[in-house]
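# Fold and contact review
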Amino acid sequence: MAGTRQRPEAETSVADAVQGNWVDRYAPAAARPYLRLSRMDRPIGTWLLLLPCWWGLLLAMVHDSQPRLFDAWIFLGCGIGALLMRGAGCTWNDITDRDIDGSVARTASRPIPSGQVTARQALIWAVVQSLIAFCILITFPPMAIALGVLALLPVAVYPFAKRFTWWPQVFLGIAFNWGALLAWTAHTGHLEGPAVILYLGGMAWTLFYDTIYAHQDIEDDALIGVKSTARLFGDNTPAWLARFLVATVALIGVAVVWAAPDGEILQLVILLCGPWAMGWHMMWQLRRLRLDDTTRLMHLFRSNRDAGLIIVLFFAAALFA
């Protein structure tokens, strides 16, 4: 891979990368296209994949009141795995979308359409990342391993969803929140109802933030025939986002009530503060929403890292209550 022949575009940042990111500043030139394929210059996606993992792990620890040393490895393993699988998923997405990306202003500078790497080189890179992630997965209990392997299905399907449904964000939600199921199961050894409801709450959250994200490309998507909830909702987007906000808070709240140990009122109150505070953050996003301001749309989308970390903070606090 180090011998990749690069065109001049390889020395420029991807259009929606974080300005001054470490890949553009410090990574070796030969590695940059591969790191950009993995979105290492845009860490928000890794956070959005990782946070439901930590939700599931922390809620499971509160549920059975039996934290173990192995939980520290689950916590770290989910972090490394999220980085790798987000990278593999994004690489696969860019392979399948290589013709579409060249027609969209925001994505035309990505490594494949700009000629920095070939589709074959990108496929090899996706496989390498997936194999390393699998080595982490097999350290988890058998049920968690099975869930991790099953997660490859929605990851594989998602890039094609925008070609056949107006709701590709649902498929993204299925893939991006799978960690809530996996991490809960890695701790407990089996899948239970609260994890499923937490997973559904995460899916509603994904519909919220990715609809905001999709509004950046709404004009280009319309020209090339790519479907999204942003195009489907149009000017009614704020009303739909409000529905997703309510669903997110309600579903995570139900998961919390189901998972909280009987009689532990203080823990329950602290746990419920998580979705409550997250809901206020999402409301703040709604109030600042401007559908024609792409800079603000990206800022609001990225702010969902903080929204998800609110849940992590309160779930962790409940462990010590």
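Our subject is the structure that appears above.
Below, the structure is looked at part by part.

## Digging into the packing of aromatic side chains
Summed over the entire model, instances satisfying the criterion amount to 17 aromatic pairs. Aromatic pair Phe70 and Phe140: ring centres 6.3 Å apart, planes at 85°, arrangement edge-to-face. Taken as a pair, Phe70 in helix α4 (residues 70–96) and Phe140 in the loop between α6 (119–137) and α7 (142–150) lie far apart in primary sequence, 70 residues in all. Given the relative accessible area of 34%, Phe70 is considered partly exposed. A centroid spacing of 5.8 Å and a plane angle of 75° characterise the contact between Trp167 and Trp240, whose relative ring orientation is edge-to-face. Remark: Trp240 occurs in helix α14 (residues 237–259) and Trp167 occurs in the loop between α8 (152–164) and α9 (168–176); sequence separation between them is 73 residues.

## Some details on the pattern of salt bridges
Throughout the structure, instances matching the rule amount to eight salt bridges. Across the pair Arg305 and Asp306 runs a salt bridge, and its minimum N-O distance is 3.0 Å. Residue Arg305 is classed as partly exposed on the basis of its relative accessible area, which comes to 33%. Salt bridges sharing partners connect three or more residues here, namely Arg39, Asp94 and Arg110.

## As for the nonpolar core
Counting residues in each nonpolar core, the largest one holds 66 residues, and the members touching the most others are Trp55, Leu59, Trp205, Phe208 and Phe315. In terms of residues, this core owes the most to one element, helix α3 (residues 44–64), which gives 14 residues. Beyond its immediate sequence surroundings of up to four residues, Trp205 is in contact with Leu48, Leu51, Pro52, Trp55, Thr248, Met278, Met282, Asn304, Ala307 and Gly308. In terms of nonpolar packing, the next biggest core, distinct from the first, is built from seven residues, Tyr34, Ile95, Ala122 and Trp125 among them.

## With respect to unusual backbone geometry
With a phi close to 60°, Arg39 is a non-glycine residue in the positive phi region. Inspection of the secondary structure assignment puts Arg39 in the loop between α2 (32–37) and α3. For Arg39, a relative accessible area of 6% puts it in the buried group. Even without being glycine, Ser65 reaches a positive phi, approximately 55°. Along the chain, the position of Ser65 falls in the loop between α3 and α4.

## What about the side chain of Ser38?
For Ser38, the position within the fold is in the loop between α2 and α3. Overall, Ser38 belongs to the buried group, its relative accessible area being 0%. Of note is the side chain of Ser38, whose polar atom sits 2.8 Å from the side chain of Trp125. Among residues more than four places away in sequence, those in contact with Ser38 are Arg86, Gly87, Thr91, Trp125 and Gln129.

Analysis parameters
- Residues numbered from 1 in each chain as written.
- Predicted model: local features only at pLDDT ≥ 70, side-chain atom pairs only at ≥ 80, totals over all residues.
- Heavy atoms only, no water.
- Phe/Tyr/Trp six-rings, centres within 6.5 Å; stacked < 30°, edge-to-face > 60°.
- Helix = DSSP H or I, 4+ residues; strand = E, 2+ residues; numbered from the N terminus.
- Buried < 20%, exposed > 50% of the residue type's maximum accessible area, 1.4 Å probe, protein only.
- Salt bridge = Lys/Arg side-chain N within 4 Å of Asp/Glu carboxyl O.
- Core = buried A, V, L, I, M, F, W, Y, C linked by side-chain atoms within 4.5 Å.
- Contact = heavy atoms within 4.5 Å.
- Polar contact = N/O pair within 3.5 Å; in protein donor to acceptor, adjacent residues only side chain to side chain.

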